[in-house]
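# Breakdown of the fold
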Amino acid sequence: MPKLGRREFLRIAGLAAAAAASVRYAPGSPALAQTPLTLRIMWWGSKNRHDRTIKVLEMYQAAHPGIKFTYEFTGFNDYWTRLATQAAGGNLPDIIQQDYARLVEWEGNRLMVPLDDFVKDGTIDLSRVPKVSIDGGRVNGKLYAINLGNNSQSILLDTDAFKRAGVPLPDQKWTWQDFEQIVLTFRQKQGIFGAGYEFSDQQVWKSLYIARGQWVFSRDGRSLAVADDGPFVEHLKMLLRLQKAEAIPSLQQEISEYHQNIEAQPIVQGKAAMSYQWSNQAVAEAAAAGKGRNYKLVHLPRPKGGKPSNYLKPSQFFSITSHSKHPKEAAAVIDYFTNSVEANRVLMAERGVPIAPKIQEALKPLLQPVELETVRYVARVQTDSSPLPPPDPEAFAAFQNNVFNPLVRDAVLLGKISPEEGAKVLRAEGNRVLAQKS
Amino acid sequence: MITSQFRTARPETGRQARGRVRLGEHNLAGYLFIAPWLIGFFAFTFIPIAASLVLAFTNYNILSPLPHWVGVRNFERMFSHDPRYWVSVRQTFYFAFTSVPLKLAFALALAMLMTAPRRLVGVYRAAYYLPSIVGANVAVAVMWRQIFGTDGVVNAVLATVGLPAHTSWLGNPATAVWTVIALAVWEFGSPMLIFLAGLKQIPAELYEAAAIDGAGMLARFTRVTLPLLTPIIFFNFVVQMIFGFTVFTSAFIISNGTGSPLDTLLFYPLYLYQKGFRDFEMGYAAAMAWVLLVVTALLTALIFKSSRYWVFYAQEEG
């Protein structure tokens, strides 16, 4: 029996090996045939974005028979986890969607290739693009990322709610005092929230200082740079007042509801008159709220006599990773997203206002009211904004996730510590985490 | 094959035979047959575990693939420079030491109801076991979010009986952890089945004898059921305790990966995950994992040691 078994085993093993070999070397199999070159691409976003992006990739494939795409997409948080795993395995996609907050971290780890040469030889045509829309993708003087669209922080106003309450629409130079007043008015007159979630977000914290001409982090990104806790403490106190007056959702409500889909946003449900978001996200909110409602976008409030809280930000980029074997072909794809009118007719500024002026012009007649409003809003911000702050430091994600959100924002707004104590914790723990990263 | 097995089993030739067989052709075939499992075990279990032990002493960051040896710095930082670490330890103990006793009590109570020879008792057993089959997965945790949401079932029920119905169960630091404890208790099915098996093994004549001696319901429970059930309680306690220290999915989904509010859902495995897969500090996460392993092992050993004082094995008496 055993002998027979072994012979049998070897025979089967031989067969299996032969089968494997025949698959690998068979004529006409993918490995030997003239195969199209495969580019891998990955992005984060909503279903809306996935559909649009896939459509554009298919269009590109149809026009370039030599190129084939494999793509992956996820939500924002899983995206970075998945990319990090692939970075560790040495198999990053050719093209990745990149975020302003992660640029320094990725450059520091040498995971992206500079694109300057591709711009110089015209593979990526940025000749008519204003410098301000390109420079956000630079780290240490080199261009690592091509801006897919501009946006800015914004307050979305439900203009019908304003009309009903008899509140005049705020001016773009409105202040946080005006904001508080208006929010309270909605509570008193209409019994709804004046504004929705996320006014305690780290982006707002940064903007409090941007409006005072300061950047919160030091040049080397290893410590906090602002000397004065006052603006942050004042802001937290205002939020506590509004939360107590039930004029904005409490952080408790925000935590228990917020992470659900966009349909749960108070402004979408008609429970709030204003909401805070990046301007390109307003499109999705308005879509979720349904037809027959009217909106306007306005600047983030600023301190009395302060500079604009807003700055023009690249909403996201495409980068080519250092694992890519075909950077030139990948660069051509990025050019297609940047400069092709037909591609942008599908993308429809969903990633922010396109950086190429000719694309902006081509899209304008096609846009829905809210989409058009985001384009106009970004133009308004362009003429009334603070300069783009430096990219976030390398340890920023760790800072936000381990200090700002749990130890400061949650602790203060859930009433565990006072705003003053919160500012102290931010300083002590924040500096420790920022200094820690190697 | 059969003959060789017999040979190895014979004590007088045991050592010799074993030596010969190891080199012999029969064993090769055997190893080839279990090769898929062996390869899987080494590639996916043993080597990663060994690697994580090494990584625990490095500053390995997934994004920068060159780890540097940092000695015990990860452990130092964990114990003295990381406030959230101790929060996660505290919350994990809180969770384990509340959810496990509650779950066991619940499981035992239901198992006792199930022993009664009623109609449809089999159906009930299956029905109550169901949560354990579907439990501890993503879908259930998502459902739990809905149930305890501000517009969820719990608040809707409270509203119908006129109680305050706007509590943010998941956003309030005082209640959020209890929603996760409730979810853990709800998955009482497998300890219940084990209790059920244990209860059936208690001889009926002991109850009869006790009843004749005038023992009431309570006395029969505390004097007969509980002592004879202690081995089963012991087993369930150990298994559930280990489960309690490694709970992840429910806290991850319910807090959307953050551990909020106020880090009350920041259980140890969730924080470990955050460190490894969100902050990409794999070295630190590996160090945390080894501390978890050691603590769980120590705790289990402690329970084992204590068992001599409270676990009663019937045959010892004989």
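Please read all numbers here as calculations on a predicted model, not as lab measurements. (Residues numbered from 1 in each chain as written. Chains lettered and ligands numbered in written order. Predicted model: local features only at pLDDT ≥ 70, side-chain atom pairs only at ≥ 80, totals over all residues. Heavy atoms only, no water.)

### Quick word on the overall build of chain A
- From N to C terminus, chain A includes 18 helices and 11 strands.
- Its C-alpha atoms give chain A principal-axis dimensions of about 85 × 55 × 45 Å.
- The proportion of buried residues among the 438 residues of chain A is 55%.
- Across chain A, every contact between residues at least 6 apart in sequence was considered, and the portion connecting residues at least 24 apart equals 75%.
- In the form shown here, chain A has an accessible surface area of approximately 19200 Å², with 54% of it arising from carbon and sulfur atoms.
- In chain A, 53 side chains carry a positive charge and 44 a negative one; their mean positions are 3 Å apart. (Helix = DSSP H or I, 4+ residues; strand = E, 2+ residues; numbered from the N terminus. Buried < 20%, exposed > 50% of the residue type's maximum accessible area, 1.4 Å probe, protein only. Contact = heavy atoms within 4.5 Å. Areas by Shrake-Rupley, 256 points an atom, 1.4 Å probe, with all protein chains shown as cover. Lys, Arg positive; Asp, Glu negative; His and termini not counted. Charge placed at Lys NZ, Arg CZ, Asp CG, Glu CD.)

### Side note on the packing of aromatic side chains
- On inspection of all chains with the given rule, the structure shows 54 aromatic pairs over all chains.
- With 6.0 Å between their ring centres and 80° between their planes, A:Trp205 and A:Phe217 make a pair best called edge-to-face. Of this pair, A:Trp205 sits in helix H9 (residues 202–210) while A:Phe217 sits in the loop between H9 and helix H10 (230–244); the two residues are 12 residues apart in sequence, bridging distant segments of the chain. No difference in accessibility class separates A:Trp205 from A:Phe217, as the two residues are buried.
- Cluster of aromatic residues (ring-pair linked, three or more members): A:Trp205, A:Trp215, A:Phe217, A:Phe232, A:Phe396, A:Phe399 and A:Phe404.
- Note that A:Lys313 overlies the ring of A:Trp278, its terminal NZ or CZ placed 5.1 Å from the centroid.
- The ring of B:Tyr284 has B:Arg77 lying over it, and the distance from NZ or CZ to the ring centre is 4.0 Å. (Phe/Tyr/Trp six-rings, centres within 6.5 Å; stacked < 30°, edge-to-face > 60°. Lys NZ or Arg CZ within 6 Å of the ring centre and 35° of its normal.)

### Re the interface of chain B and chain A
- Taken residue by residue, the interface counts 37 residues in chain B and 37 residues in chain A.
- Of the roughly 3100 Å² buried between chain B and chain A, counting both surfaces, carbon and sulfur atoms make up 54%.
- Contact with chain A buries area across many residues of chain B, yet B:Leu63, B:Arg145 and B:Leu262 alone supply 20% of it, more than any other trio.
- Here chain B is connected to chain A by zero salt bridges.
- Counting every contact that joins chain B to chain A gives seven residue pairs in polar contact (both at pLDDT 80 or more).
- Broken down by secondary-structure element, the contributors of at least two residues to the side of chain B that touches chain A are helix H3 (25–55), helix H5 (83–115), helix H7 (138–148) and helix H14 (268–278) of chain B.
- Across the side of chain B that touches chain A, the residue classes break down as 14 nonpolar, 14 polar and nine charged. (Buried area = accessible area lost by both parts, 1.4 Å probe. Salt bridge = Lys/Arg side-chain N within 4 Å of Asp/Glu carboxyl O. Polar contact = N/O pair within 3.5 Å; in protein donor to acceptor, adjacent residues only side chain to side chain. Nonpolar A, V, L, I, M, F, W, Y, C, P; charged D, E, K, R; others polar.)

### So, the nonpolar core
- One finds B:Met78, B:Tyr85, B:Phe195, B:Leu265, B:Phe267, B:Tyr268 and B:Met288 to be the most contacted residues of the largest nonpolar core, which totals 63 residues.
- No other element matches the 11 residues that H5(B) contributes to this core.
- Ignoring any residue separated from it by four or fewer positions in sequence, one finds B:Met288 in contact with B:Met78, B:Tyr85, B:Tyr268, B:Tyr271, B:Leu272 and B:Lys275.
- Counting residues in hydrophobic clusters, the runner-up holds 57 residues, among them A:Ile210, A:Leu224, A:Met238 and A:Leu414. (Core = buried A, V, L, I, M, F, W, Y, C linked by side-chain atoms within 4.5 Å.)

### So, unusual backbone geometry
- Across the junction of B:Ser260 and B:Pro261, the peptide omega takes the value 0°, indicating a cis bond.
- Note on placement: B:Pro261 falls in the loop between helix H13 (249–254) and H14.
- Despite not being glycine, A:Glu198 has its phi angle at roughly 75°, a positive value.
- The residue A:Glu198 is located in the loop between strand S8 (193–195) and H9 in this model.

### A few points about the pairing of strand S7 (residues 153–158) of chain A
Residues and elements named next belong to chain A.
- Counting buried positions along S7 gives six out of six residues, so the element sits mostly inside the fold.
- Across the two faces of S7 the burial is the same, with Gln 153, Ile 155 and Leu 157 and Ser 154, Leu 156 and Asp 158 all buried.
- Judged from the five bridges that link them, S7 and strand S9 (residues 272–278) form a sheet pairing that is antiparallel. For Ile 155, the partnering residue across the bridge sits in S9 and is Tyr 276.
- Alignment of S7 against strand S10 (residues 295–298), held across four bridges, turns out to be antiparallel. Among the inter-strand pairings, Leu 156 is bridged to a residue of S10, identified as Leu 297. (Pairing = 2+ DSSP bridges.)

### Focus on a nonpolar patch on the surface
- A cluster of nonpolar residues, B:Tyr31, B:Phe33, B:Ile34 and B:Trp37, forms a patch on the protein surface that exposes about 510 Å² of accessible area.
- A relative accessible area of 40% places B:Ile34 in the partly exposed class. (Patch = residues over 30% accessible without salt bridge, like charges linked within 9 Å, V, L, I, M, F, W, Y side chains within 5 Å.)

### Description of the domain arrangement of chain A
Residue and element names in this part refer to chain A.
- Per the domain assignment, the segments making up chain A are domain 1 (6–151 + 313–383) and domain 2 (153–311 + 389–435).
- Computed over C-alpha atoms only, the centres of domain 1 and domain 2 are separated by 31 Å.
- Across the domain 1/domain 2 interface, buried area totals approximately 1900 Å², and carbon plus sulfur atoms make up 61% of it.
- Taken together, the connections running from domain 1 to domain 2 amount to zero salt bridges. (Domains from an automatic or database assignment.)

### Topic: the sheet that holds strand S1 (residues 37–44) of chain A
Residues and elements named next belong to chain A.
- Pairing is mixed in the open sheet, where five strands are placed in the order S2-S1-S3-S11-S6. The strands lining the two open edges of the sheet, one partner per strand, are strand S2 (67–74) and strand S6 (146–151). Sheet twist, expressed as the average angle between the axes of neighbouring strands with direction ignored, equals 20°.
- The sheet contact formed by S6 and strand S11 (residues 313–320) spans five bridges and is antiparallel. Residue pairing across strands places Asn 151 opposite Lys 313, the latter belonging to S11.
- Taken strand by strand, helix H3 (residues 76–89) contacts S1, S2 and strand S3 (95–98), and its axis lies near 140° from that of S1.
- Across the face of the sheet, helix H13 (residues 327–339) comes into contact with S1, S2, S3, S6 and S11 while running at roughly 150° to S11. (Axes fitted to C-alpha atoms, helices over the stretch in contact; angles between N-to-C directions.)

### Remarks on the confidence of the model for chain B
All names here are of chain B.
- When pLDDT is averaged across chain B, the result is 86; 90% of the residues are at 70 or more.
- Every residue in residues 1–15 scores below 50 in pLDDT, and together they form nine contacts with partners more than four places removed in sequence or on other chains.
- Reported for the predicted complex are a pTM of 0.83 and an ipTM of 0.80. (pLDDT = per-residue confidence, 0-100.)

### A short note on the side chain of A:Arg102
- Looking at the secondary structure, you find A:Arg102 in the loop between S3 and helix H4 (103–108).
- For A:Arg102, the contacting residues outside a window of four places in its chain are A:Trp80, A:Ala397 and B:Phe280.

### Some thoughts on the sheet that holds S9(A)
Residues and elements named next belong to chain A.
- Taken together, four strands build an open sheet; the order of strands is S8-S9-S7-S10 and the sheet is mixed. At either end of the open sheet lies a strand with only one pairing partner, and these are S8 and S10. Each neighbouring strand pair of the sheet contributes to a mean axis angle of 25°, computed without reference to strand direction.
- As defined by bridge partners, S8 adjoins S9 across two bridges and the pair is classed as parallel.

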